[in-house]
Amino acid sequence: MIDLRKYYLDNIVEDDYYYRFFSLIEGVNRTYNIFYGEEETQEFEFLVHDEIEAIEKFRLLCQPGNEPNSDEDRCWFYVVAYYLRANGYAIEQFPDVLRRPPKEPSDFTYGTIRDRAVSLGLDDDGTVRWATRRAIVADMTFARKTSSVAIGETLDQRIQLISAGNSRFEEMDDNEKLREIANLIENLLKENGRFTQPDYSKVTLGLVNDDTVRSLRKKLQCFRHSSKESLEERGELTADQKKFLIDFGVTVCKAIHFLVE
């Protein structure tokens, strides 16, 4: 069984969008009274057997009449969404909800789903029937993203070790991939506080050298920080440019990994 709450607490970091739900998830089993303060009084568990069961749980939470209103149900919504996102899933009809779920689950389970029904002309003079919402939820397609470059298992394990979210590389979005490539290059090259200079010509046939890697590291630095300047620098890159940097970065990582290991 997979303990989704534990998975979240073990992997969440402060700069992750999902950190805004930390207080709810971390404290879901605690209650407060004026005599004793906060106490662990609940025994809510958030267990699923596998990813299929996690998807079905998310569907159930989105069905009309099952909207997450209690702290337990709201916690379920966020830990399931976090787990599915970390495992590379997105909902084709609602591509942003697993990446950036709303502050209140009902904004999606009622508002967004209802808006989709209206936009598709499935309302009855502005009224969206429960049966229509059920059909939309049943038709949600959970698709798993894949990386455009396959990564060998050894390199993947190294990425996992330095990944703050402990997510497999191919399950990250593009910004996360580029951040982890930058982290991995530094992790592989830095020794006793200084960057080594492997002989790249041994494996890259002169196509990659130390200047190339320095330029790549400089280009990727904006993905490691969240300052206004870094965000602006990221925003200047197109989706195709990011894809190129991912593919090129993975290739460089493989070369460095071979040389230093």
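Structure report, in brief. (Residues numbered from 1 in each chain as written. Predicted model: local features only at pLDDT ≥ 70, side-chain atom pairs only at ≥ 80, totals over all residues. Heavy atoms only, no water.)

In this structure, Asp125 takes a positive phi of about 55° despite not being glycine. Relative to the assigned elements, Asp125 resides in the loop between α5 (105-119) and α6 (130-138). Look at Leu205: it is not a glycine, yet its phi comes out positive at around 55°. The topology assignment puts Leu205 in the loop between α9 (201-204) and α10 (210-220). The class of Leu205 is exposed, set by a relative accessible area of 75%. (Helix = DSSP H or I, 4+ residues; strand = E, 2+ residues; numbered from the N terminus. Buried < 20%, exposed > 50% of the residue type's maximum accessible area, 1.4 Å probe, protein only.)

Relative to the 22 Å expected for 16 residues at 1.5 Å per residue, helix α4 (residues 71-86) spans 22 Å between its end C-alpha atoms, a close match to the ideal helical length. Most of α4 is tucked away, with 13 of its 16 residues classed as buried. Looking one or two places after α4, you find Gly88, whose phi comes out positive at around 90°. (Expected span 1.5 Å × (residues − 1).)

This brings us to the packing of helix α3 (residues 51-62) against α4. Orientation of α3 relative to α4, taken along the N-to-C sense of each, is 135°, at an axis distance of 10 Å. The orientation of α3 relative to α4 falls into the category oblique. In this structure, α3 meets α4 at a crossing whose hand is left-handed. Between α3 and α4, the residues in contact are Glu51, Ala54, Ile55, Lys57, Phe58 and Leu61 and Asp73, Trp76, Phe77, Val80, Ala81, Tyr83 and Leu84, respectively. (Axes fitted to C-alpha atoms, helices over the stretch in contact; angles between N-to-C directions. Parallel < 35°, antiparallel > 145°, perpendicular 65-115°, else oblique. Left-handed = near helix turned anticlockwise from the far one by under 90°. Contact = heavy atoms within 4.5 Å.)

To continue, consider the packing of aromatic side chains. All chains considered together, the criterion is met by 16 aromatic pairs. Here the aromatic rings of Phe21 and Tyr78 are separated by 3.7 Å at their centres, their planes lie at 10°, and the arrangement is stacked. Placement of the pair is Phe21 in the loop between α1 (4-11) and α2 (22-26) and Tyr78 in helix α4, with a sequence separation of 57 residues. Their ring planes at 80° and their centres at 6.1 Å tell us that Phe58 and Phe142 sit as a pair that is edge-to-face. (Phe/Tyr/Trp six-rings, centres within 6.5 Å; stacked < 30°, edge-to-face > 60°.)

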